[in-house]
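Secondary and tertiary structure notes
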Amino acid sequence: MEQTSKEVEFVFNYRNLVQIASYHAHPRAFLNEHLKQMKNAGITTMAVFESTLAELSTAGRLTLYNGTQAATLQGKLPAVGENYTYLLFTGPEEEAAIRPMIEETFARLDIPFGSWSFGGRNGMVIQTPVEDAILKTMPPDPMALKQLKDAGFQILPRLSDRVRPYDPDATERMLAGFAELGVKRILFDGNSVKGYNDNAELKSLEHFGGLLNRYGIGVVSIENMRVPQAGLSRLALLTDYNIVRLYSLSDGDAAAMSPDAIADRFLLAAKDRNIRMFYMNGAPTRSLEQGGVVHPLDNIYKAIGSEEGAVERLASFGFSSGSAGHFDVKTYGWQTPVKGVVALGAIALIALLVGVFVPVLLIPAFILGLLGSAGIYLVLSGSLLEQALALGASISAPTLAMVWAVNRVRNRTDGARRAVGGTDWTIAARSGAFGGKESDAEEGRPVRWMFDGLSAGKRFGLALTIFAVTSLISLAAVPFVVGLLNDVTYSLVLEQFRGVSLLHLAPIALTAVYLFLYTGASVVGSAKRILKMPITVLWVAVAGVLGAVGMYYMSRTGNAGTATSLELFFRNTLESTFGVRPRFKEFLLSHPLFIFGLFVALRYRVAWVLLIVGSIGQLSMVDTFAHIHTPLHISAIRVVLGLGLGAVIGIVIIAAWQVVEGAWKRWGPRNLKW
């Protein structure tokens with residue numbers, strides 16, 4: 001499916017261009033010149049909003065006056081008890097194109113109007129204040145549509161749902177006009193799609209969707225909106241998912257970002273997030289430093305049309321510039337039963353996790369999972385069931401992987417300990433929190449916090465092996481997550497993987513619980529020993545630091561997190577070096593510390609706490625594949641790069657540790673007790 005749409009489309013906000021032109025001495029000449037520059041830079045489409053009297057005035061189609069201004073213009077005193085809107089058309093061409101649209105709008109709103117003229121120019125008087133008249137929404141400026149079409153641009157109308165009630169006939173006339181202009185998509189303006197607010201009474205969404213299908217017009221979805229536009233999912237279904245995702249470059253970013261950074265952002269959006277349309281804003285701003293009104297147009301032209309611009313960079317990755325098309329979605333009869341098998345496997349994976357902590361509940365958990373899943377599917381929805389099982393599988397696999405890793409370390413060290421004569425571990429003043437026995441010290445047996453049974457070479461080999469197998473177990477969740485969420489609605493982000501915060505917390509917490517409670521003689525005994533431990537200032541300080549780290553970690557999950565300038569530099573460096581950037585928390589933090597923790601934990605019991613950090617990288621790999629809108633091969637490359645770079649950094653840390661440990665043995669204090 002992802003290979004069926006490889007064209008990208010560059011769109012500019014025509015309203016912004018008109019605003020910028022209005023601040024120049026010759027607005028029309030400025031606008032015409034920059035339309036040519038945009039065309040040369042590679043911008044193929046102009047977004048045209050629904051018009052208002054204020055915007056038509058800014059565009060030079062007419063001049064607006066209130067009652068006082070109109071009276072002054074005519075050398076008269078203002079009429080007492082009257083507050084009307086007066087307008088004069090710029091010329092006969094403007095009057096012929098604009099006047100019918102204005103009359104139709106105010107007639108529909110039952111606002112009286114009539115003719116008015118002055119100085120040889122025809123106009124209108126509308127019996128409502130200017131402040132009210134300029135808020136009335138009208139169809140897009142027909143003169144602008146014709147001018148842009150003649151200039152070779154595609155048109156992207158931006159329609160709102162502000163015109164109430166929904167008018168089927170007027171809407172059909174408007175869409176028929178769009179079809180004549182070659183319009184292929186509509187982008188909605190506001191919080192809802194056209195027809196949404198009247199749908200309950202007029203079934204307007206169904207009517208509008210039918211019109212879109214009749215005229216072969218698709219829709220556009222804006223990425224990363226805080227609240228998705230209401231009715232878009234329904235409209236996407238009605239149009240058989242004739243929808244394209246759009247990335248919007250804000251006014252501030254267009255002015256502040258470098259051309260290279262803008263081009264990099266567009267490349268990342270197309271390559272890593274399946275976005276095919278790029279929307280650029282560029283509002284004018286007043287600058288005291290430069291002594292005038294400035295705009296970001298030249299910066300945008302460099303970002304798009306230079307030798308290293310977005311058009312060339314995207315072309316090098318197989319994305320040609322043109323008209324963005326929707327994904328071709330095909331379904332097959334065998335998909336439903338296969339998805340049932342995948343769901344069964346996810347239930348089994350969740351039951352295995354339950355069985356690790358409460359073994360007697362393994363089979364009951366599986367049976368209850370089957371019954372509960374059937375209930376959710378029949379009573380609620382299949383989509384909710386898919387999301388719930390995908391979340392459960394994504395939590396279960398990395399947690400099971402970490403449990404396996406902990407047990408592997410435990411078996412290797414405890415088995416070797418018994419073989420060499422019964423020496424034992426202690427930790428935290430022989431508390432037994434990780435399995436050490438206070439009775440060892442009481443009975444006079446030697447008690448140590450380190451174990452010398454394995455050579456450095458064996459520990460290194462075991463650490464890498466355990467790391468590799470643990471990662472494979474974690475990645476066992478991927479077929480379940482992808483199989484359950486394999487639907488175009490997730491590719492278009494109309495539906496999303498739910499429970500990201502829980503995924504980023506649960507495996508860490510469950511790994512910690514297993515490490516502290518399940519590696520001793522008994523769960524109850526380990527819990528008692530931990531509860532009896534004295535709380536010191538050091539523990540309070542550690543808890544505070546861990547809390548702050550946890551809050552920062554959670555703030556970086558999902559799409560709401562922000563990156564520092566240093567991290568952005570490293571991201572761009574990795575992107576330019578590898579083409580795909582791995583996740584920082586994997587290759588710089590979790591994977592290296594996991595490998596190092598395994599190496600040290602095979603000798604020093606206290607290092608077992610580093611395995612908790614290792615769970616971050618394991619869950620992060622699964623989370624990477626939960627982004628269904630990212631191409632699968634990109635997610636796979638990202639995970640493999642993270643594992644490879646993380647392993648290299650982990651090996652470097654181990655080498656440094658060996659040097660420090662050797663120096664400590666040779667020159668450090670003797671007979672140092674824990």
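Preceding this paragraph is the structure being described.
This write-up is about the structure you can find in this document. Since the model is a prediction, treat every value here as computed from it, not as a measurement.

**Focus on the side chain of T413**
- As for its placement among the helices and strands, T413 is situated in helix 18 (residues 382–419).
- Residue classification places T413 among the buried residues on the basis of a relative accessible area of 0%.
- Reaching out from T413, the side chain makes a polar contact with the backbone oxygen of V409 at a distance of 2.9 Å.

**A word on the nonpolar core**
- In terms of nonpolar packing, the biggest core is built from 68 residues, with M46, F266 and F278 touching the most fellow members.
- For this core, the element with the most residues is helix 13 (residues 259–273), which contributes six residues.
- Ignoring anything within four residues of it in the chain, the contact list for F278 reads V8, E9, F10, V11, Y247, F266, A269, A270 and L314.
- One finds I395, M402, F467 and V622 within the second-largest nonpolar core, a separate group that totals 64 residues.

**A look at helix 16 (residues 335–357)**
- If you check helix 16, its first and last C-alpha atoms are 34 Å apart, about what 23 residues at 1.5 Å a residue would give, namely 33 Å.
- Those residues of helix 16 lying buried are V342, A343, A346, I347, L349, A351, L353, G355 and F357.

**Topic: the pattern of salt bridges**
- Going through the model one piece at a time under the given rule, you end up with 22 salt bridges.
- Across the salt bridge formed by E95 and R99, the nearest N and O atoms sit 3.1 Å from each other. Of this pair, E95 and R99 both sit in helix 5 (residues 92–108), four residues apart, which is roughly one turn of the helix. A single burial state applies to E95 and to R99, both of which are buried.
- The partner of R603 in a salt bridge is E661, with the nearest N and O atoms 2.8 Å apart. Taken together, the residues R603 in the loop between helix 27 (584–601) and helix 28 (610–626) and E661 in helix 29 (residues 632–667) connect sequence positions 58 residues apart.

Conventions adopted
- Residues numbered from 1 in each chain as written.
- Predicted model: local features only at pLDDT ≥ 70, side-chain atom pairs only at ≥ 80, totals over all residues.
- Heavy atoms only, no water.
- Helix = DSSP H or I, 4+ residues; strand = E, 2+ residues; numbered from the N terminus.
- Buried < 20%, exposed > 50% of the residue type's maximum accessible area, 1.4 Å probe, protein only.
- Polar contact = N/O pair within 3.5 Å; in protein donor to acceptor, adjacent residues only side chain to side chain.
- Core = buried A, V, L, I, M, F, W, Y, C linked by side-chain atoms within 4.5 Å.
- Contact = heavy atoms within 4.5 Å.
- Expected span 1.5 Å × (residues − 1).
- Salt bridge = Lys/Arg side-chain N within 4 Å of Asp/Glu carboxyl O.

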